[in-house]
Amino acid sequence: SMVAINPLNKRVIVDLCDCSEKELNIFLSKASTFFVMVGERVRFVHKQIKNWLLGKIATTTAKPGRQHRRASYGGTSIRSVSITGVSDEIQKCHEYFASRVLKLLNPDGIGEERFCFNSEGSKNYLLRYGVHHLAHAGWKEQARKLILDPGWLLAKANDASGIVECCQLLAASDDLLLLLGRAVSLSLNSIQEEPRQLMGQIVGRLMAATEKGHGDPVVRERITKFLNDIRNYDYGFQWWCPVAPTWDQAEQAY
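Definitions and cut-offs
- Residues numbered from 1 in each chain as written.
- Predicted model: local features only at pLDDT ≥ 70, side-chain atom pairs only at ≥ 80, totals over all residues.
- Heavy atoms only, no water.
- Helix = DSSP H or I, 4+ residues; strand = E, 2+ residues; numbered from the N terminus.
- Contact = heavy atoms within 4.5 Å.
- Expected span 1.5 Å × (residues − 1).
- Buried < 20%, exposed > 50% of the residue type's maximum accessible area, 1.4 Å probe, protein only.
- Arc of directions from axis to C-beta.
- Polar contact = N/O pair within 3.5 Å; in protein donor to acceptor, adjacent residues only side chain to side chain.
- Salt bridge = Lys/Arg side-chain N within 4 Å of Asp/Glu carboxyl O.

(A) Expanded view of the side chain of Lys156. Within the secondary structure, Lys156 sits in the loop between helix H8 (150-155) and helix H9 (160-170). Those residues in contact with Lys156 that lie beyond four places of it in its chain are Leu127, Arg128, Gly162, Ile163 and Cys166.

Next up, the structure:
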């Protein structure tokens, strides 16, 4: 929960931490000073964990009313604790979650079947935040591979703006992801109207970048391979694939 973006559903925690619901309930009861339950969601109380990390925590548990007011989404305000050990622990948390992301990937999955989950909440969490954990764990190559996976892109087509955010996490060091994020950003209205347009929009807006003489040849080769992967993937349905770069091109902004 220290590295989670939002409060976590208990079922999601069970899946991600590979524990039983009984084990989770025991843990939550023993660590109630640091957490507050809101329905079936676990919220992280930043002030309490910060004080504990600094050795200032009181022995009494905060009253529920005050606890609710102090509770906030995980993964942000804890960064104000400037202790190397704390950063190390958060890094380890991201690494653990990142390892679970990779373990729960279904290499043959299409769309929502991309992850090995029975829980819709867990699928949604991994689709929304899996790249986040990989990137913040320092596993950039695995994060890139996931973003460029046609099956993952299809699964995330209903959250096109989330695809853009994932690309932005690594765009500073990866021109392909920079251009992919731009291509999806240019296509948001069309994709929101029909998510299955995602693949055609990506191909159509990156095509010009594969033409000889455009940009770095290494990047051009990567884009060409990526678009071939997009074209050749079996999505389980027919889709319209552009054959000429007639739309606004992603590279034009750069």
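The structure having been displayed, the exposition proceeds.
(B) Examining helix H13 (residues 217-232) more closely. The terminal C-alpha atoms of H13 lie 22 Å apart, and with 16 residues this matches the ideal 22 Å at 1.5 Å per residue to within 8%. Considered for burial, the residues of H13 that qualify are Val219, Arg220, Ile223, Phe226, Leu227 and Ile230. Buried residues of H13, seen end-on, are gathered within an arc of 125 degrees and therefore sit on one face of the element. Opposite the buried face of H13, by more than 90 degrees, sit the exposed residues Val218, Glu221, Lys225 and Asn232. For H13, the elements touching its buried residues are H8, helix H10 (175-186) and helix H12 (198-206). The N-cap residue of H13 is Asp216: its side-chain oxygen and the backbone nitrogen of Val218 are 2.7 Å apart.

(C) Looking closely at the pattern of salt bridges. Counting across every chain of the model gives 7 salt bridges. Across the pair Glu141 and Arg144 runs a salt bridge whose closest N-O atoms are separated by 3.5 Å. Here Glu141 pairs with Arg144, and both are found in helix H7 (residues 140-147), just 3 residues apart, close to one helical turn. We classify Arg144 as buried; its relative accessible area is 14%. What emerges from the salt-bridge pattern is a single network uniting Glu141, Arg144, Asp174 and Arg222.

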